[in-house]
Amino acid sequence: MVDIPSLLSSGFNLAETIKSIVRMKNEVEKNKAIRELDQTYMALREEYGRLQEENEVLREDNKKFKAWDTENNRYKLRDFGGKTFAYELDPEKANGEEPHLLCPTCFQKKRKSIIQFTRKLGNGQDSYRCSPCNEYIYLGEAKYEPNPPGRHYGEFDPYP
Ligand SMILES: [Zn+2]
């Protein structure tokens, strides 16, 4: 196995290697040197292929990040009350899209996920669902009914 980084840092010179092989008189040594040179070439080809694949993955990632940068500028983090947050489409950058909200968790992972309204909760919050997260997101300030007179928090009368 040819160690390419150490080969390249050792000052490997292809032309000089070929010249020295050509000058060899001993056929056994000459064939051995040719085999070693062939192994080096094969290792370099393999490494080149690996680097090409790696480069392709990085190009795709870069493309996605650039697309995400453009896309995420269309949204603003909004407090819906009670310190509940979601990303909201900026109406000025809607480009004809309907108003919608994005999941804050997905947004942090550079993933655009439109959350779907499920229902209005008894405490006044709106419940939304993010499918990729499989999570519910509750937006708006939670309003609780004040305790009725004579009753205190923690007391529960099952037979009022
Ligand atoms: Zn999500």
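## Notes on the overall build of the protein chain
Helix and strand counts for the protein chain stand at 4 helices and 6 strands. In the protein chain, which comprises 160 residues, the proportion classed as buried is 7%.

## So, unusual backbone geometry
The backbone of N95 sits at a positive phi, close to 50 degrees, despite the residue not being glycine. Note on placement: N95 falls in the loop between β2 (85-89) and β3 (101-102). If you check the backbone angles, K110 has positive phi at about 55 degrees while not being a glycine. Mapped onto the elements, K110 comes out in the loop between α4 (104-108) and β4 (116-120).

## Digging into the environment of G122
Counting through the fold element by element, G122 comes out in the loop between β4 and β5 (126-130). A count of 10 C-beta atoms within 10 Å places G122 in the exposed class.

## Here we look at the pairing of β4
If a strand is regular, its side chains alternate between the two faces of the sheet. Summarising burial for β4: 0 of the 5 residues are buried, a small minority. Pairing analysis gives 4 bridges linking β4 to β5, with the strands arranged antiparallel. From the neighbouring strand, Q116 faces β5, where its bridge partner is R129. The turn joining β4 and β5, which pair antiparallel and follow one another in sequence, is formed by 5 residues; a positive phi near 95 degrees is taken by G124.

## Section: the sheet that holds β2
Whenever strands of a sheet pair, they do so through backbone hydrogen bonds, lying parallel or antiparallel. Spatially, β1-β2-β3 is the arrangement adopted by the 3 strands of the open sheet, whose pairing is antiparallel. Two strands in the sheet have a free side with no partner beyond their single neighbour: β1 (75-79) and β3. Judged from the 5 bridges that link them, β1 and β2 form a sheet pairing that is antiparallel. From the neighbouring strand, R78 faces β2, where its bridge partner is A86.

## Re the pairing of strand β6 (residues 135-139)
Bridge count between β5 and β6: 5 bridges; the pairing is antiparallel. By the bridge assignment, Y128 is partnered in β6 with I137. Counting the residues between successive antiparallel strands, the hairpin from β5 to β6 contains 4 residues, one of them, N134, with a positive phi of roughly 60 degrees.

## Here's the deal with the sheet that holds β4
Here 3 strands make up an open sheet; going across it, the order is β4-β5-β6 and the pairing antiparallel. Every other strand in the sheet has two partners, leaving β4 and β6 as the edge strands with one partner each. Direction aside, neighbouring strands of the sheet carry axes that sit 30 degrees apart on average.

## With respect to the nonpolar core
A86, Y87, L101, L102, C103, I115, Y128, C130, I137 and L139 together form the largest nonpolar core, which totals 10 residues. Of all the secondary-structure elements, those providing two or more residues to this core are β2, β3, β5 and β6. Beyond its immediate stretch of four places on either side in the chain, L102 contacts Y75, A86, Y87, F107, K112, S113, I114 and I115.

## Overview of helix α3 (residues 27-72)
The end-to-end C-alpha separation of α3 is 66 Å, in line with the 68 Å expected for 46 residues at 1.5 Å each. With 0 of its 46 residues buried, α3 lies for the most part at the surface.

Cut-offs and rules
- Residues numbered from 1 in each chain as written.
- Predicted model: local features only at pLDDT ≥ 70, side-chain atom pairs only at ≥ 80, totals over all residues.
- Helix = DSSP H or I, 4+ residues; strand = E, 2+ residues; numbered from the N terminus.
- Buried ≥ 20, exposed ≤ 12 C-beta atoms within 10 Å, placed from the backbone.
- Pairing = 2+ DSSP bridges.
- Axes fitted to C-alpha atoms, helices over the stretch in contact; angles between N-to-C directions.
- Core = buried A, V, L, I, M, F, W, Y, C linked by C-beta atoms within 7 Å.
- Contact = placed C-beta atoms within 7 Å.
- Expected span 1.5 Å × (residues − 1).

Everything listed here is a matter of geometry and, on its own, says nothing about what the molecule does.
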